[in-house]
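Listed below are the residues making up each chain.
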Amino acid sequence: MKISVVSDLHIDTYPPSAAAGILDALCTVVQERSPGLLLIAGDLSSDYRLTLEALGEIERRTGLPCLMVPGNHDVWNRHARQLGTWDIYNRLLDYPHNLARGPYRVNAEWVVIGDLGWYDFSLGDPRFTQEEFLRMEYGGRVWNDREFAPWDRPAPEMHRYFVEKLEAQLEAHRGSRILLVTHAVPHRHFTVPLPNETWSYFNAFLGSEAYADLIARHTDSIRYAVCGHVHYRKRLTFHRTELICSCLGYAKEWRSSDVLEEMRRAVTDLELAGEGHAGTRENIGNGYTKG
Ligand SMILES: [Fe+2]
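Residues numbered from 1 in each chain as written. Predicted model: local features only at pLDDT ≥ 70, side-chain atom pairs only at ≥ 80, totals over all residues. Heavy atoms only, no water.

K.L.:
Mind showing me how you'd approach the state of the cysteines here?
P.N.:
Here is the idea: a disulfide is a covalent bond, and it sits between the sulfur atoms of two cysteines. Applying the stated criterion across every chain, the model contains 0 disulfides. With no disulfide partner, C27 has as its closest neighbouring cysteine sulfur the one in C66, 9.1 Å distant. On the basis of relative accessibility, which here comes to 11%, the residue C27 falls in the buried class. (Disulfide = S-S within 2.5 Å. Buried < 20%, exposed > 50% of the residue type's maximum accessible area, 1.4 Å probe, protein only.)

K.L.:
Would you take a moment to explain the UniProt feature "domain: Calcineurin-like phosphoesterase" (unreviewed entry) in the chain for this structure?
P.N.:
As annotated in UniProt, the feature "domain: Calcineurin-like phosphoesterase" (unreviewed entry) corresponds to residues 1-232 in the numbering used here. Helix makes up 36% of residues 1-232 and strand 16%, with an end-to-end C-alpha separation of 26 Å. (UniProt positions renumbered as here; feature names shortened; annotations may be inferred. Helix = DSSP H or I, 4+ residues; strand = E, 2+ residues; numbered from the N terminus.)

K.L.:
How should I be thinking about the environment of E167 in this particular structure?
P.N.:
Assignment of secondary structure puts E167 in helix α6 (residues 155-172). Taking the C-alpha atoms as reference points, E167 and L214, separated by 47 residues in sequence, lie 7.1 Å from one another.

K.L.:
Is there a simple way to think about the pairing of strand β1 (residues 2-6) in this case?
P.N.:
For a regular strand, the rule is simple: side chains alternate between the two faces of the sheet. Counting buried residues in β1 gives 5 out of 5 residues, a clear majority hidden from the surface. Residue alternation in β1 divides its side chains into two sets, K2, S4 and V6 and I3 and V5, and both sets are buried. Sheet topology places β1 next to strand β12 (residues 268-271); 4 bridges connect them, and they run antiparallel. Following the sheet pairing, S4 is matched in β12 by D269. (Pairing = 2+ DSSP bridges.)

K.L.:
What is the right way to read helix α3 (residues 85-92) from this model?
P.N.:
Residues spaced three or four apart along an α-helix point in a common direction, a consequence of the helix completing one turn every 3.6 residues. Within α3, burial applies to T85, W86, I88, Y89 and L92. The arc that holds the buried residues of α3, viewed along the axis, is 165°, so those residues lie on one side. Those residues of α3 that are buried are in contact with α2 (48-62), β5 (110-115), α5 (145-148) and α6. (Arc of directions from axis to C-beta. Contact = heavy atoms within 4.5 Å.)

K.L.:
Please explain the coordination of the iron ion as it appears in this structure.
P.N.:
Octahedral six-donor coordination of a metal ideally yields angles of 90 or 180 degrees, compared with 109.5 degrees for tetrahedral four-donor coordination. The protein atoms that coordinate the iron ion are D43 (OD), N72 (OD1), H183 (NE2) and H229 (ND1), at distances spanning 2.1 to 2.3 Å. For the iron ion, the 4 donor atoms in the first shell make angles of 86 to 168° at the metal, a pattern classed as irregular. (Donors = N, O, S within 2.8 Å, 3.2 Å for Na, K, Ca; no water. Tetrahedral: all angles 85-135°; square planar, octahedral: opposite > 155°, others 65-115°.)

K.L.:
Sorry, what's going on with the pattern of salt bridges here?
P.N.:
Oppositely charged side chains can form a pair if their charged atoms are brought close together. Taken as a whole and judged by the stated rule, the model has 21 salt bridges. Of the charged contacts, one joins K165 and D115 as a salt bridge, the two residues approaching to 2.7 Å between their closest N and O atoms. Here D115 lies in strand β5 and K165 lies in helix α6, a separation of 50 residues in the sequence. Among the salt bridges present, the one from R146 reaches E137, with a minimum N-O distance of 2.9 Å. Put simply, R233, E261, E262 and R265 are held in one network by salt bridges that share partners. (Salt bridge = Lys/Arg side-chain N within 4 Å of Asp/Glu carboxyl O.)

K.L.:
What exactly am I supposed to notice about the packing of helix α1 (residues 16-33) against helix α9 (residues 259-266) here?
P.N.:
To describe two helices that pack against each other, one gives the angle between their axes and the distance between the axes. Relative to each other, α1 and α9 sit at 55°, their axes nearing to 9 Å. One element, α1, and the other, α9, form an angle in the oblique class. The handedness of the crossing between α1 and α9 is right-handed. Where α1 approaches α9, its residues G21, I22, A25, L26, T28, V29, E32 and R33 are matched on the opposing element by V259, L260, M263 and R264. (Axes fitted to C-alpha atoms, helices over the stretch in contact; angles between N-to-C directions. Parallel < 35°, antiparallel > 145°, perpendicular 65-115°, else oblique. Left-handed = near helix turned anticlockwise from the far one by under 90°.)

K.L.:
Help me out: how do you make sense of α1 in this one?
P.N.:
Between its first and last C-alpha atoms α1 spans 26 Å; for 18 residues at 1.5 Å apiece the expected length is 26 Å, and the two agree. Its buried side turned inward, α1 meets β1, β2 (37-40), α2, α9 and β12. Positive backbone phi, approximately 40°, marks S34, located one or two places after α1. (Expected span 1.5 Å × (residues − 1).)

K.L.:
What exactly am I supposed to notice about the sheet that holds strand β9 (residues 222-227) here?
P.N.:
The strands that make up a sheet are held in pairs by hydrogen bonds between backbone atoms, and each pair lies either parallel or antiparallel. On the basis of which strands lie adjacent, the open sheet formed by 6 strands has the order β4-β5-β8-β9-β11-β10 and mixed pairing. With partners counted over all chains shown, the strands left at the sheet margins are β4 (104-105) and β10 (234-238), one partner each. Bridge analysis of β10 against strand β11 (residues 241-245) gives 5 bridges, and the strand direction is antiparallel. Looking across to β11, one finds that L236 is bridged to L243.

What follows is the structure, encoded as structure tokens:
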């Protein structure tokens, strides 16, 4: 069983015709690859209604289950200011293949477990204090989750909520082969490369080292850990787990002016292999795109 993986489509950053072109390109690539499953690791758009519409359209047009986790943009209330972040998170649970509802059993061997994930500032430069990170502002720039993702608790506590939820599900599936998905990045390898004065601070909002610890503790069952959020396509073998970020990213970050060509580079196919090893198919580009 092959699963095609992508993230960070951000379709609301384009005029409607170009946004339709992104979905067309995704459906074309899916047709070319003929996977048995699709997975989007968050950030389809910054409006949950548009995200839900796009997911419905992708499933209709491909005829495949399109598994997803919400990204931080998907839960933003920028276009629905009366809603809190939990309200939007819960509305996205209406989508049947949202992994935040619970694990998705692929077959007797494989299960897909995932959720949004959040950050606890552990990926930021330790010369900043917790108070400085909690301000979510540095050098005159604000991290937009401060404005558009008002959870009912501080970021490190939201982060803990997701770690505990995922850990319970991982424990319950110890005998299975697991594909773990978080929108937040699970390892420092995926943060914006330093030295970079701005990102030495803002890397704090990309994910958490606690996900790497979680993967290390369950590396015998987690064969793949997929993330999104950061717009660098990278992969890393960590213990026995293959970590993958296969984002599309913003058009200004693409290496090609052609959406279909860029989509072919972004979408990564993973083999959920039976009996022994899990093979991968290398469709991901070398290096990374500029984020
Ligand atoms: Fe994101």
